[in-house]
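Each chain is listed here by its residues.
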Amino acid sequence: EAAAGGQDDWDPAVAVDPGNPNFVYQLITRYTGPKPCGNCKLPAIVLRRSTNGGMTFTEQFLKNTTKAQYDPQIAVDINGNVHAVFLNGTTPGSTYVRSTDHGATWSAGIDSSAWGAGVTFADIDNDDDLDLYMCVFAGPNPLYLNPADGAFVELIRLGSRRADWPGWLHGPCR
């Protein structure tokens, strides 16, 4: 990733707007390089956004912290809304943000207290809005439905396996 961005950037997640492929997004965790402010510490979640099919990108910081292990995910629904979710370091929790203007501005974060091990988007209920599935270390995995306003509603918790260190090496979502 250092070759592409010139920085120590990890965990790249990429999404393309299905209705307008000129909009390409990459969400990464930056460990070294430019900071969001003079006194800010890294790592940070950085969004790279292209409006010309990936020919050039601009960058903006979505979140900065001194924690690590974000595993960011990004997706674009058929309406052009951009959805991003990332873990809150190695402590319990994850954050969801949404943009309705091709990534120019973002909603305030919606935080979950589950100790996330990974997240993904899918349209579970076929309403054209991306729903959120979270894999957690210590307990059942929540499935959140998106009622089109980005305020996810927990539908169900799937599974009941608890992480058994070192059993987590096999993955909590099996």
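Here, the structure is the one placed above.
Residues numbered from 1 in each chain as written. Predicted model: local features only at pLDDT ≥ 70, side-chain atom pairs only at ≥ 80, totals over all residues. Heavy atoms only, no water.

Draft legend 1. The overall build of the protein chain, seen in detail. The helix and strand inventory of the protein chain stands at 1 helix and 12 strands. Listed N to C, the secondary structure of the protein chain is α-β-β-β-β-β-β-β-β-β-β-β-β in terms of helices and strands. Looking at the protein chain as a whole, 43% of its 174 residues qualify as buried. Looking at the protein chain alone, contacts between residues at least 24 apart form 35% of all its contacts between residues at least 6 apart. (Helix = DSSP H or I, 4+ residues; strand = E, 2+ residues; numbered from the N terminus. Buried < 20%, exposed > 50% of the residue type's maximum accessible area, 1.4 Å probe, protein only. Contact = heavy atoms within 4.5 Å.)

Draft legend 2. Fine view of the side chain of Asp131. Within the fold, Asp131 resides in strand β10 (residues 131-136). Despite being buried, Asp131 has no salt bridge partner; Arg98 is the closest side chain of opposite charge, sitting 11 Å away. Reaching out from Asp131, the side chain makes a polar contact with the backbone nitrogen of Ile124 at a distance of 2.8 Å. The residues contacting Asp131, other than those within four sequence positions of it, are Thr120, Phe121, Ala122, Asp123, Ile124, Asp125, Tyr144, Leu145, Asn146 and Phe152. (Lys, Arg positive; Asp, Glu negative; His and termini not counted. Salt bridge = Lys/Arg side-chain N within 4 Å of Asp/Glu carboxyl O. Polar contact = N/O pair within 3.5 Å; in protein donor to acceptor, adjacent residues only side chain to side chain.)

Draft legend 3. Just the nonpolar core, in detail. Judged by nonpolar contacts, the single largest core of 15 residues is most densely connected at Tyr25, Leu27, Leu47, Ile74, Val82, Ala84 and Trp106. Of all the secondary-structure elements, those providing two or more residues to this core are β1 (8-16), β2 (24-32), β3 (44-50), β5 (73-76) and β6 (82-87). Sorting elements by how many residues they give to this core places β6 first, with 3 residues. When neighbours within four sequence positions are excluded, Leu47 is seen to be in contact with Tyr25, Gln26, Leu27, Thr58, Glu59, Gln60, Leu62, Ile74, Gly103 and Trp106. Within the second largest apolar cluster, 11 residues are counted, among which are Val85, Val119, Leu132 and Phe152. (Core = buried A, V, L, I, M, F, W, Y, C linked by side-chain atoms within 4.5 Å.)

Draft legend 4. Structural view of the side chain of Arg49. Looking at where Arg49 falls in the secondary structure, it is placed in strand β3. Of the side chains bearing the opposite charge, Asp101 lies closest to the buried Arg49, which forms no salt bridge; the N-O distance is 6.5 Å. At 3.1 Å, the side chain of Arg49 and the backbone oxygen of His102 are in polar contact.

Draft legend 5. Quick look at the pattern of salt bridges. The tally for this structure, following the rule as stated, stands at 4 salt bridges. We note a salt bridge from Asp9 to Arg30, for which the minimum N-O separation is 2.8 Å. One end of the pair, Asp9, is in strand β1; the other, Arg30, is in strand β2, with 21 residues separating them in the sequence. Note on accessibility: Asp9 and Arg30 belong to one class, buried. Asp9 is the salt-bridge partner of Arg48, the closest N and O atoms lying 2.3 Å from each other. On the criterion of sequence distance, the pair formed by Arg48 in strand β3 and Asp9 in strand β1 is long-range, its members being 39 residues apart. With respect to burial, Arg48 and Asp9 carry one shared label: buried. Each of Asp9, Arg30, Arg48 and Glu59 takes part in one network of salt bridges that share partners.

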